[in-house]
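The lines below spell out each chain.
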Amino acid sequence: MAIICPQCSLENPDQSVFCARCGSNLTQNPDPANHGPAQLYTAPAESVMQQSFPAPPTPGSYQQMQPPTMYAPLNVPPPPPTVPLSTQLGKHAFAGHGMPVSRASWLLANQQPQAMAMFTAVRDALIQRGLPGLNINQARLTEHSFMLESRDYLTAHRGSSTVFLYITPAGHDLYISRTTTVQTAISYVRVAIFTLLLILMIIGLAQSGSPSSLASGFSVGGAISAILVFFSYPLLVFFLVLIVSSLLAWLIHGDAGMFLRPAVMNDFQADDAALIEETVDNSLLSAAQTAGIDAGKITNPGQAYHMRRRIRWI
């Protein structure tokens, strides 16, 4: 027999503990004398790590849902990380997905109970738009610093761009953030230039080991050898700095070949990033109307989704 939620009147499957729409506890009998709203969320203690909003099931699944972590008992410890902390210390949350190029956020007042409904509505709206090449997934990202924190994101990926959407309760309010990352393809021109410089460095170092070849009279070959020897040591320093920088890029950004990628987006990549951002924002507006939230509070960014073309300085 279905259980009617006393808060939002949704019919939940039998044996349900929490409401699938608003998260109300279905095991507690409502007090007829208390006509105020049911208590949906209790702020955790300072000593308890704040848990992130869970990912809902795939569309079309009507099986019994697990209670979201935002309503879980506060004495339940968070799950351990899937990778050792020692190997991931310092790695950013978006490591392996490119460099962030834009961010936007919205805080909707007194809309905390609509978190799950908003998450599901946005995901369904993105699927219904049917954008070619758009991959929609749910991912848990972890920020590895002195304090370990995990958050659940709804991701929309197309081409070299990925939009991360974070929807979570914030006290009595609802917080929504959107982050766009871009990871350009490895440039064969950069690979060819680095390979040529490496060959010239090796030849110059080999020539510096035989000074007798430089003691002869002036010749074109001798001049070229002198130039190679002169630039071999600066090139050696350059490659040492490049190796150290690539190691740091792998530790922080999860991309050892970051400096082999162009630092500026081309026209197609900028169009893809702007297209995904506008698609996600339109889905947010549609989902807000579906969840009964004032859609006017979610405003689009200015400058008609102008992308920051330069991803990094180097």
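In this text, all values refer to a predicted model and were calculated from it rather than measured experimentally.

### Describing the overall build of the protein
Thinking step 1. When helices and strands are counted, the protein shows five helices and seven strands.
Thinking step 2. Beginning at the N terminus, the succession of helices and strands in the protein can be written as β-β-α-β-α-β-β-β-β-α-α-α.
Thinking step 3. When burial is assessed residue by residue, the protein has 35% of its 314 residues classed as buried.
Thinking step 4. Long-range pairs, those at least 24 residues apart, make up 67% of the contacts in the protein between residues at least 6 apart in sequence.
Thinking step 5. In the form shown here, the protein has an accessible surface area of approximately 18200 Å², with 61% of it arising from carbon and sulfur atoms.

### Section: the packing of helix H2 (residues 115-129) against helix H5 (residues 267-290)
Thinking step 1. For the pair H2 and H5, the least separation of the axes is 8 Å and the interaxial angle reads 130 degrees. For the element pair H2 / H5, the angle class is oblique. Crossing of H2 against H5: the hand is right-handed. From H2, Met-118, Ala-121, Val-122, Ala-125, Leu-126 and Arg-129 reach across to H5, where they touch Thr-279, Val-280, Asn-282, Ser-283, Leu-284, Ala-287, Ala-288 and Thr-290.

### Some points on the pairing of strand S7 (residues 173-182)
Thinking step 1. S7 sits mainly inside the fold: eight of its ten residues count as buried.
Thinking step 2. Bridge analysis of strand S3 (residues 99-108) against S7 gives nine bridges, and the strand direction is antiparallel. Following the sheet pairing, Leu-108 is matched in S7 by Leu-174.
Thinking step 3. Direction of pairing for strand S6 (residues 161-170) relative to S7: antiparallel, over a ladder of ten bridges.

What counts and what doesn't
- Residues numbered from 1 in each chain as written.
- Predicted model: local features only at pLDDT ≥ 70, side-chain atom pairs only at ≥ 80, totals over all residues.
- Heavy atoms only, no water.
- Helix = DSSP H or I, 4+ residues; strand = E, 2+ residues; numbered from the N terminus.
- Buried < 20%, exposed > 50% of the residue type's maximum accessible area, 1.4 Å probe, protein only.
- Contact = heavy atoms within 4.5 Å.
- Areas by Shrake-Rupley, 256 points an atom, 1.4 Å probe, with all protein chains shown as cover.
- Axes fitted to C-alpha atoms, helices over the stretch in contact; angles between N-to-C directions.
- Parallel < 35°, antiparallel > 145°, perpendicular 65-115°, else oblique.
- Left-handed = near helix turned anticlockwise from the far one by under 90°.
- Pairing = 2+ DSSP bridges.

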